[in-house]
Amino acid sequence: MKALRFIPLAALGLLVAACSSDESASGKPEAKYITIEASIGSMTRATTTGNSAVFDAGDGVTLYAWTGSATAVAADKVVNGVVNTLGTDGKWTPATPMLWADMVTPHYFLGIYPARTVSDFTADPYTLDPADYEASDLLVARQLSGLIATQNPVSLTFDHAMAKLYVNMNFRNQWDETPAITSCVATAASTATVDYLAQTVTAGTQASVSMPAIAAQTGYEATYSSIMIPQTGFRTVTITIDGQDYTYTHDADIPLEAGKYTTLNLIVGRNKIELGEVSINDWTEGTTIDGGQAM
């Protein structure tokens, strides 16, 4: 008769735990933690001090993940708006743990910077804050190839959803010195809705967008700049000096395109504003469009 071998209960408990760490009750491997790696595409990020090609320690991105279809964000999400913060060690730390649903199901990912909560992924309301580059420079990353848990960490490449505008000014010699500028205002939309998966931005109605002054660009006496909503119909900039408005209206739309900056070079005189040129560039490089003049 064979002798029976007994396994102590404590040891049996260890075996069960070891099995459950690798497999679920259904026999599929259990979910592991989701981690991310984030970068900014070929373009730079707008900051209050200039342009930066990388994220800074303390930056936060909101992550959404779901299964099912790459063409629509599922109502029942695997990760629902968890903020990941970049540490000084270069690693992103989630506010709460993020788990894969399982090890074999394709997952889809959406990352948004600055961190924000989204309830409508096809028409998320957006409001421009011209005085805050960081808050207005909306970056979006889409990873819709259908990753599985063995492809962790998730690589996210962020692109600009917004445009950027520079207004450079030189002044006619009617002024003895560079005049004090009270304001520089663009007549353009300041609200929009964002469709994150379709990668489209729908501009609202035009309003007055007050642009803040920045350090004057080389060859100019004054420069104003702002993140702008991509849109058509933008033509007019008004500069106020000593209580008098000087308005420039282009004879065609001045393009404001996602991921591009538009530079408007103006020559301001006491009686009129002349256009030097309008250039439309990627946030790295691009082309130039010559302009005319306006009374």
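Residues numbered from 1 in each chain as written. Predicted model: local features only at pLDDT ≥ 70, side-chain atom pairs only at ≥ 80, totals over all residues. Heavy atoms only, no water.

Visitor: Can you explain the overall build of the chain? Please cite residues and give values.
Guide: A count of helical and extended segments in the chain gives 2 helices and 23 strands. For the chain, the proportion of its 295 residues judged to be buried stands at 41%. Considering only intrachain contacts with a sequence separation of at least 6, the fraction spanning at least 24 residues in the chain is 63%. Counting only carbon and sulfur atoms, one obtains 52% of the accessible surface of the chain, whose full area is about 15,000 Å². (Helix = DSSP H or I, 4+ residues; strand = E, 2+ residues; numbered from the N terminus. Buried < 20%, exposed > 50% of the residue type's maximum accessible area, 1.4 Å probe, protein only. Contact = heavy atoms within 4.5 Å. Areas by Shrake-Rupley, 256 points an atom, 1.4 Å probe, with all protein chains shown as cover.)

Visitor: Describe the pattern of salt bridges, naming the residues involved and giving the relevant values.
Guide: Under the definition given, this model contains 4 salt bridges. The partner of D124 in a salt bridge is R116, and the shortest N-O contact between them spans 3.1 Å. Owing to a relative accessible area of 23%, R116 belongs among the partly exposed residues under this scheme. (Salt bridge = Lys/Arg side-chain N within 4 Å of Asp/Glu carboxyl O.)

Visitor: Report on the sheet that holds strand β7 (residues 107–113), specifying residues and quantitative values.
Guide: Ordered in space as β1-β10-β9-β7-β4-β5-β6, the 7 strands form an open sheet in which the pairing is mixed. Edge positions in the sheet fall to β1 (36–40) and β6 (92–94), since each has one partner strand and no second. Averaged over all pairs of adjacent strands, the angle between their axes in this sheet comes to 25 degrees, without regard to strand direction. (Pairing = 2+ DSSP bridges. Axes fitted to C-alpha atoms, helices over the stretch in contact; angles between N-to-C directions.)

Visitor: A description of the confidence of the model for the chain should follow, citing residues and the corresponding values.
Guide: The predicted model of the chain has a mean per-residue pLDDT of 84, with 81% of residues at 70 or higher. Counting contacts from residues 47–52, a segment whose pLDDT is below 50, to residues more than four positions away or on other chains yields 14 contacts. Confidence over residues 285–295 falls short of pLDDT 50; this stretch has 26 contacts with residues more than four positions distant or in other chains. (pLDDT = per-residue confidence, 0-100.)

Visitor: Outline unusual backbone geometry, supporting the account with residue identities and numerical values.
Guide: One can expect most non-glycine residues to show negative phi and most peptide bonds to be in trans. The amide bond that connects Y113 to the next residue, P114, takes the cis arrangement and shows omega of -10 degrees. The topology assignment puts P114 in the loop between β7 and β8 (124–127). N152 connects to P153 through a cis peptide bond whose omega is 5 degrees. The topology assignment puts P153 in the loop between β9 (139–147) and β10 (154–160). In this structure, Q199 is a non-glycine residue whose phi angle is positive, near 60 degrees. With respect to the secondary-structure elements, Q199 resides in the loop between β13 (191–195) and β14 (200–203). Exposure remark for Q199: the relative accessible area of 55% places this residue in the exposed category.

Visitor: Help me get a handle on the pairing of strand β18 (residues 236–241), residues and values and all.
Guide: Here β18 lies mainly inside the structure; 6 of its 6 residues are buried. What you see with β18 is no split at all: T236, T238 and T240 on one side and V237, I239 and I241 on the other are buried throughout. Here strand β12 (residues 181–189) pairs with β18 via 6 bridges, running antiparallel. When the sheet's bridge partners are listed, S183 is paired in β18 with T240. Judged from the 6 bridges that link them, β18 and strand β19 (residues 244–249) form a sheet pairing that is antiparallel. Across the sheet, I239 pairs through a bridge with Y246, a residue of β19. Hairpin connection between β18 and β19: a loop of 2 residues separates the two successive antiparallel strands, and D242 in this loop has a positive phi of roughly 50 degrees.

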